[in-house]
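Chains, contacts and geometry: an overview
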Amino acid sequence: MNLAELNKIARAMTAPGKGLLAADESSGTIKKRFDAISVESTEDNRRDYREMLFRSREAMSSYISGVILYDETIWQNAKDGTPLVRLIEEAGAIPGIKVDEGTQALPNCPGELVTAGLDKLAERLAQYYARGARFAKWRAVIDIGAGIPSMTAISVNAHALARYAALCQAAQIVPIVEPEVLMDGDHDIDRCVEVTQRVLNKTFQELRVQRVALEGMILKPNMAVSGKKSKTQAGVAEVAEKTVRMLKNCVPASVPGIAFLSGGQSDEDATAHLDAMNRIGSLPWPLTFSYGRALQAAPQKAWSGKANNVPAGQQAFTHRAHMNSLASKGEWTTDQEQKAL
Ligand code: 13P
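Here is a short report on the structure shown in this document. On a predicted model such as this, the values are computed, not experimentally measured, just so you know.

**Some details on the overall build of the chain**
The secondary structure content of the chain amounts to 14 helices and ten strands. Its C-alpha radius of gyration of 19 Å places the chain within 12% of the 20 Å reference for a compact globule of 341 residues. With respect to the principal axes defined by its C-alpha atoms, the chain has extents near 50 × 45 × 40 Å. The burial tally for the chain puts 57% of its 341 residues in the buried class. Here the analysis covers contacts within the chain between residues at least 6 apart in sequence; of these, 78% occur between residues at least 24 apart. Put simply, the chain has 40 plus and 39 minus side-chain charges, and the middle of one group is 2 Å from the middle of the other.

**Remarks on helix H10 (residues 236-250)**
The terminal C-alpha atoms of H10 lie 21 Å apart, and with 15 residues this matches the ideal 21 Å at 1.5 Å per residue to within 8%. Those residues of H10 lying buried are Val239, Ala240, Lys242, Thr243, Val244, Met246, Leu247 and Cys250.

**Concerning the packing of helix H12 (residues 293-303) against helix H13 (residues 310-328)**
It is at 7 Å that the axes of H12 and H13 come closest, and there the two elements cross at 160 degrees. Taken together, the axes of H12 and H13 lie roughly antiparallel to each other. Crossing hand, H12 versus H13: right-handed. For the pair H12 and H13, the contacting residues are Ala294, Leu295, Ala298, Pro299, Ala302 and Trp303 in the first and Val310, Ala312, Gly313, Ala316, Phe317, Arg320, Ala321 and Asn324 in the second. Among the residues forming the contact of H12 with H13, the class breakdown is eleven nonpolar, two polar and one charged.

**A short note on the nonpolar core**
In terms of nonpolar packing, the biggest core is built from 96 residues, with Phe54 and Leu219 touching the most fellow members. Apart from residues no more than four positions distant in its own chain, Phe54 is found in contact with Leu21, Ala23, Met60, Val67, Leu69, Thr73, Leu84, Leu87 and Ile88. Ranked by size, the runner-up nonpolar core spans six residues in total, among them Ile154, Val181, Val195 and Val199.

**Some words on the packing of aromatic side chains**
Tallied over the entire structure, the rule returns six aromatic pairs. Here Phe34 and Tyr49 contribute two aromatic rings whose centre-to-centre distance is 5.7 Å and whose plane-to-plane angle is 90 degrees, an arrangement assigned as edge-to-face. Of this pair, Phe34 sits in helix H2 (residues 27-36) while Tyr49 sits in helix H3 (residues 43-54), placing them 15 residues apart in sequence. Residue class for Phe34 comes out buried when judged on its relative accessible area of 0%. Residues Phe34 and Trp303 carry aromatic rings whose centres are separated by 5.7 Å and whose planes lie at 50 degrees to one another, so their mutual orientation is tilted. Of this pair, Phe34 sits in helix H2 while Trp303 is found in helix H12, placing the two residues 269 residues apart along the sequence. Both residues of the pair, Phe34 and Trp303, count as buried. Each member of the aromatic cluster is reached from another via a ring pair, and the members are Phe34, Tyr49 and Trp303.

**Topic: the environment of Ala272**
Mapped onto the elements, Ala272 comes out in helix H11 (residues 267-280). Ignoring anything within four residues of it in the chain, the contact list for Ala272 reads Val236 and Trp332.

**So, the site of the ligand**
Lys137, Lys220, Ser262, Gly263 and Arg293 are the nearest of the 13 residues found near the ligand. At 2.6 Å, a side-chain N or O of Lys220 approaches an oxygen atom of the ligand. In the environment of the ligand, an oxygen atom lies 2.7 Å from a nitrogen or oxygen atom belonging to the backbone of Gly263. Notes on the ligand: free accessible area 300 Å², of which the protein chains cover 92%. Counting only elements with at least two residues in the shell around the ligand, the list comes to strand S6 (135-142) and strand S10 (287-291).

**Some remarks on the pattern of salt bridges**
Scanning all chains against the criterion turns up 22 salt bridges. Two residues, Glu337 and Arg320, come together in a salt bridge whose shortest N-O distance is 2.7 Å. Of the two residues, Glu337 is situated in helix H14 (residues 334-339) and Arg320 in helix H13; the sequence distance between them amounts to 17 residues. Each member of the pair, Glu337 as well as Arg320, carries the same accessibility label: buried. What emerges from the salt-bridge pattern is a single network uniting Asp44, Arg47, Asp48, Glu51, Arg55, Lys79 and Asp80.

So, how was this worked out
Residues numbered from 1 in each chain as written. Predicted model: local features only at pLDDT ≥ 70, side-chain atom pairs only at ≥ 80, totals over all residues. Heavy atoms only, no water. Helix = DSSP H or I, 4+ residues; strand = E, 2+ residues; numbered from the N terminus. Rg over C-alpha atoms; globule rule 2.2 N^0.38 Å. Buried < 20%, exposed > 50% of the residue type's maximum accessible area, 1.4 Å probe, protein only. Contact = heavy atoms within 4.5 Å. Lys, Arg positive; Asp, Glu negative; His and termini not counted. Charge placed at Lys NZ, Arg CZ, Asp CG, Glu CD. Expected span 1.5 Å × (residues − 1). Axes fitted to C-alpha atoms, helices over the stretch in contact; angles between N-to-C directions. Parallel < 35°, antiparallel > 145°, perpendicular 65-115°, else oblique. Left-handed = near helix turned anticlockwise from the far one by under 90°. Nonpolar A, V, L, I, M, F, W, Y, C, P; charged D, E, K, R; others polar. Core = buried A, V, L, I, M, F, W, Y, C linked by side-chain atoms within 4.5 Å. Phe/Tyr/Trp six-rings, centres within 6.5 Å; stacked < 30°, edge-to-face > 60°. Near = heavy atom within 4 Å. Polar contact = N/O pair within 3.5 Å; in protein donor to acceptor, adjacent residues only side chain to side chain. Areas by Shrake-Rupley, 256 points an atom, 1.4 Å probe, with all protein chains shown as cover. Salt bridge = Lys/Arg side-chain N within 4 Å of Asp/Glu carboxyl O.

Pasting the structure below:
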């Protein structure tokens, strides 16, 4: 393992004013997104949609440091035959790959999940590296509800995250470690903080046990937010203050960068929260975005599967990427949010 090189890539992924585009929806998830805009989820439509994003030159070269791809996409070519991976590289961004194989029911823990995909992972990582991937992603999912999460679910998911991260580094690929605590429940923000801290602490314990070099990874956490069904919704300042405090308690300063998931927050909330955290300042790591829905909902709607709408889709994507770039520097304003529309 060349740790200096891994660290260089991790720092480039969270470079000032840049963040990650999570375009790694599985075939099932992208079908759901396409259903919402009445587009059939064919291989060509998925290609055309992602090609539109990757050919958004301004967004890809100024605001996006890297793209997380799904297995199908990393092997796909653009309409003119250029590999999609090349389009990303030509724009100056880094290609990455989701390597987990989704979640399965966790035995003996009703309602809880464990992420699969460790079998043959070393071989798959070597193939992805040869294709150009320089970082990877593995998402663990922890739900909050009555009597959950169990310590069992936290423990097995942290163990799998660390197994994945160690295998990535051995393959000279930067692991994005993503332990996502879902915001689907009716819990308040303090319960989210309590669970997320347990999850982060266990994850870093496993990373240490398995000798993962923290300088050669990126953390992709959820923010501290109220559950979607909670009657009390924490405001922007509270989310920012509690998220920063939670991360300072749990994440070693040697981690080169933190890139948040959006997790079902509205586009503007995801931007406002990131901005407010960066305005607090004096943080040991750069805080940026690795958004899926919060970067793609607007371009998906603007595109709606029509070739004529590609410029509108690219404009919508560029606007969201620009707003989140500003937020990653604590320079976003509602004025700019509206002006550019
Ligand atoms: P969201 O921003 O839509 O949560 O997606 C990010 C991601 O990569 C989830 O694994």
